[in-house]
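# Overview (structure and organization)
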Amino acid sequence: MKIAILTGAGISAESGIQTFRDENGTWQNHDVQDVATAIAVKTNLHKVNSFYDARRRVLKQVEPNAAHLALAELEKHHDVTIITQNIDDLHERAGSKNVIHIHGELKKIRKIDTNQVLETSEDVGLDPSIRPHVCLFGESPFFLHETMKALYECDLFIAIGTSGNVSPACYYIDKINHVVKVPSIEINIRETAITSKFKRIIRGPATTAVAKLVEEFISK
Ligand code: NAD
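The structure presented is a predicted model; accordingly, all values stated were derived computationally and were not measured.

Basis of the calculations
- Residues numbered from 1 in each chain as written.
- Predicted model: local features only at pLDDT ≥ 70, side-chain atom pairs only at ≥ 80, totals over all residues.
- Heavy atoms only, no water.
- Core = buried A, V, L, I, M, F, W, Y, C linked by side-chain atoms within 4.5 Å.
- Buried < 20%, exposed > 50% of the residue type's maximum accessible area, 1.4 Å probe, protein only.
- Helix = DSSP H or I, 4+ residues; strand = E, 2+ residues; numbered from the N terminus.
- Contact = heavy atoms within 4.5 Å.
- Expected span 1.5 Å × (residues − 1).
- Polar contact = N/O pair within 3.5 Å; in protein donor to acceptor, adjacent residues only side chain to side chain.
- 1 Å grid on protein atoms, 1.4 Å probe; cavity = no way out; pocket = protein on both sides within 12 Å on 5 of 7 lines; lining within 4 Å.
- Points joined across faces, edges and corners; volume = space filled by probe spheres on them.
- Nonpolar A, V, L, I, M, F, W, Y, C, P; charged D, E, K, R; others polar.
- Axes fitted to C-alpha atoms, helices over the stretch in contact; angles between N-to-C directions.
- Parallel < 35°, antiparallel > 145°, perpendicular 65-115°, else oblique.
- Left-handed = near helix turned anticlockwise from the far one by under 90°.
- Pairing = 2+ DSSP bridges.

### Looking at the nonpolar core
Membership of the largest hydrophobic core comes to 22 residues, with the highest contact counts inside it found for Ile5, Leu71, Ile160 and Val210. Those elements that place two or more of their residues in this core are strand 1 (2–7), helix 5 (66–74), strand 2 (79–84), strand 7 (156–160), strand 8 (184–188) and helix 9 (206–218). Counting residues per element, this core draws most heavily on helix 9, at 6 residues. The contacts of Leu71, once residues within four sequence positions are left out, are Ile5, Thr7, Ile11, Ile82, His91, Ser96, Ile160, Val210 and Val214. Membership of the second largest hydrophobic core comes to 19 residues, among which are Ala4, Ile100, Ala169 and Val180.

### Concerning unusual backbone geometry
Note that the residue after Ser167, namely Pro168, is joined by a cis bond; omega there is 5 degrees. As for its position among the elements, Pro168 is in the loop between strand 7 and helix 8 (172–180). Positive phi, close to 65 degrees, is recorded for Asn115, a residue that is not glycine. Although it is not a glycine, Phe143 sits at a positive phi angle of roughly 60 degrees. Position of Phe143 relative to the elements: it lies in the loop between strand 6 (130–134) and helix 7 (144–153).

### Here we look at helix 9
Taking 1.5 Å per residue, 13 residues should reach 18 Å; helix 9 reaches 17 Å between its end C-alpha atoms and fits that length. Among all positions of helix 9, only Ala206, Thr207, Ala209, Val210, Leu213, Val214 and Phe217 are buried.

### What about the side chain of His78?
Tracing the sequence through the fold places His78 in the loop between helix 5 and strand 2. Look at His78 and you get buried, because its relative accessible area is 14%. A distance of 2.9 Å separates the side chain of His78 from the backbone oxygen of Phe217, its partner in a polar contact. For His78, the contacting residues outside a window of four places in its chain are Met1, Ile3 and Phe217.

### Thoughts on empty space enclosed by the protein
The full count for this structure, using the stated rule, is 1 cavity of 30 Å³ or more. The space that makes up the largest cavity amounts to roughly 40 Å³. Lining of the largest cavity is provided by Leu71, Leu74, Ile158, Ile160, Ile187, Val210, Leu213, Val214 and Phe217. Looking at the lining of the largest cavity, the elements that each hand over two or more residues are helix 5, strand 7 and helix 9. In terms of residue count, the dominant contributor to the lining of the largest cavity is helix 9 (4 residues). For the lining of the largest cavity, the residue count by class is 9 nonpolar, no polar and no charged.

### Examining the packing of helix 5 against helix 9
Taken N-terminus to C-terminus, the directions of helix 5 and helix 9 make an angle of 15 degrees; their axes are 8 Å apart at the nearest point. Judged by the inter-axis angle, helix 5 sits roughly parallel to helix 9. Both helix 5 and helix 9 take part in a crossing whose hand is left-handed. Packed against helix 5, whose contacting residues are Ala66, Ala67, Ala70, Leu71, Glu73 and Leu74, the element helix 9 presents Ala206, Thr207, Val210, Ala211, Val214, Phe217 and Ile218 at the interface. Of the residues contributing to the contact of helix 5 with helix 9, the split by class is 11 nonpolar, 1 polar and 1 charged.

### A short note on the sheet that holds strand 4 (residues 104–111)
The antiparallel open sheet is built from 3 strands, whose spatial order is 5-4-6. In this open sheet, the two edge strands, each paired with only one partner strand, are strand 5 (117–119) and strand 6. Taking the axes of each pair of neighbouring strands and ignoring which way they run, one obtains an average angle of 45 degrees across the sheet. Taken together, the 3 bridges between strand 4 and strand 5 define a ladder with antiparallel strand orientation. When the bridges of strand 5 are listed, Lys108 appears paired with Glu119. Against the sheet, helix 4 (residues 45–59) engages strand 4 and strand 6, with an angle of about 55 degrees to strand 6.

Right under this line is the structure:
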């Protein structure tokens, strides 16, 4: 079975990475306009790079959780594509091979003048020639073609830990319902902006809910 899985910040929450919009989420302590917009790269690059340096440092303190590991296991039994809004590397560290990072990756940076993408685990600091390889507000997501292919070819769509507030990912379920017409499942600890569009809803923390669902699909 071909399964397209959209993941959001909620799948990494139990690993210790803050979500954006929940209580105590990242946006309660930072102004989006200052650190995560295309304009901020032009007007306040140092603040943008410092913000993402801090996010990158967190990666060294966290590990994939049971939900990431379960999805890697699912890939051994089904044709799984993970479309993630997350910029962490926890899917890869759990063993998933087929991961599309539509919002970029914390461990990648980009040269501003040439667009050359480089790998790093370290701080960028004051380097004025470098920016995060992350899709900021006002910029286009990456891998549109690959994402559409995964969505249009899938037999099942699963959304895990996403609030359904961020475009374009919040519209994938509309394509699934109106064009692809395959079953869909939402896993989240609470109702989201797009809950009513899913055929099956599973309420619970990703670590237990995803692991249970994966068991169900492995035994099929
Ligand atoms: P969001 O913060 O808007 O929503 C998080 C969702 O996860 C909420 O619906 C919440 O109810 C749910 N959630 C929280 N804990 C959960 C748990 N234990 N189990 C299941 N669900 C849980 O995040 P989003 O929808 O992914 O928004 C997209 C934006 O957030 C993207 O731009 C993405 O790049 C960014 N983001 C990424 C990371 C990361 O890389 N880990 C972290 C924070 C934000």
